[in-house]
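Residue-level listing of the chains:
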Amino acid sequence: MRLNSRRDKDVLIVELCGELDHHHADEARERLDEMLEDTSIKHMIFDLSKLQFMDSSGIGVFLGRYKTIARRSGQACLAAINPQLDRILNISGLYKILKVYDSVGQAIKGIREVQ
Amino acid sequence: MELRNEMRLEFLSKSQNESFARAAVAAFAAQLDPTLEEIADIKTAVSEAVTNAIIHGYESPDKYVQVITKIYDGTVVIEVIDHGKGIEDVELARQPLYTTKPELERSGMGFTVMETFMDEVEVTSAPGQGTRVRMVKHIRSNSGETGNG
């Protein structure tokens, strides 16, 4: 699993590449929390366009980071979800708390519109 | 149902083996000509069951998890077996959001995922003896010579 991150002002954009299972969840969680130590980050976008597989271990990873962002009164979003991910995210209930966009560009636009 | 093929895998209860297990079962099931969605369902369900065996069944990486996959006409049957600590209350463990490991950010959705993505899920467990999860998936894309519909 590889994580690529970039910033757009106070938005952290993280591209998750590969497979997010229990084995990779610990490392992903640790790396994401390190990134979020930067308190100038207010919002977060998970770019899932290169995430090929996810099981329920990923739910906790997204939920945990959502809580951090929510404490900063920011928005956490998911972008570019493929059909396999859509099925598991749907039953997880995450769609009730995380906004979903077709692309990172739309997610940034969505965040800016709410601000 | 006539057994067409069978394979057995046994591997150490290390988390690195989760991806190996789901990829191996998916590759074996490919002979039924499943759709990409059916393959994704099988991989996800196997990943959940094997993860449960590793983190709940054993809690240590030096034991063995067994995965038996059987192919029938248009159907794949997968059993994930551990000889670990077992589940006290299977009904409770199968409830959505139930987890004994919230500190690890486990969502408690493993059994719900298996039930959603597979056609049948049967859990047999006894404290101190281990757990067997038997999952059945009917492969609808298979035109099947016999017995498929």
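Residues numbered from 1 in each chain as written. Chains lettered and ligands numbered in written order. Predicted model: local features only at pLDDT ≥ 70, side-chain atom pairs only at ≥ 80, totals over all residues.

(A) The arrangement of the overall build of chain A in detail. A count of helices and strands for chain A gives four helices and six strands. Computed over C-alpha atoms, the radius of gyration of chain A comes to 13 Å, within 12% of the 13 Å expected from 2.2 N^0.38 for 115 residues, which places it in the range of a compact globule. Counting only residues that meet the buried cut, chain A has 42% of its 115 residues in that class. (Helix = DSSP H or I, 4+ residues; strand = E, 2+ residues; numbered from the N terminus. Rg over C-alpha atoms; globule rule 2.2 N^0.38 Å. Buried ≥ 20, exposed ≤ 12 C-beta atoms within 10 Å, placed from the backbone.)

(B) Here's a closer look at the sheet that holds strand S1 (residues 5-12) of chain B. All names here are of chain B. Read from one edge of the open sheet, five strands run S1-S2-S3-S5-S4, paired in antiparallel fashion. Looking at the sheet topology across the chains shown, the edges are occupied by S1 and strand S4 (120-126). Neighbour to neighbour, the strand axes of the sheet diverge by 10° on average, direction disregarded. Note: strand S3 (residues 75-82) against strand S5 (residues 130-138), eight bridges, orientation antiparallel. Along S5, the bridge assignment pairs Val76 with Lys137. (Pairing = 2+ DSSP bridges. Axes fitted to C-alpha atoms, helices over the stretch in contact; angles between N-to-C directions.)

(C) Up close: unusual backbone geometry. Residues and elements named next belong to chain A. Unlike most non-glycine residues, Lys9 shows phi in positive territory, near 55°. By the secondary structure assignment, Lys9 is in the loop between strand S1 (2-8) and strand S2 (11-20). Judged by C-beta crowding, with 11 C-beta atoms within 10 Å, Lys9 ranks as exposed.

(D) Spotlight on the interface of chain A and chain B. Between chain A and chain B, the residue contacts involve 18 residues of the former and 20 residues of the latter. When contributions to the side of chain A that touches chain B are tallied by element, the ones reaching two or more residues are helix H1 (22-35), helix H2 (57-71) and helix H3 (83-92) of chain A. When the residues that make up the side of chain A that touches chain B are grouped by side-chain class, the tally is six nonpolar, eight polar and four charged. (Contact = placed C-beta atoms within 7 Å. Nonpolar A, V, L, I, M, F, W, Y, C, P; charged D, E, K, R; others polar.)

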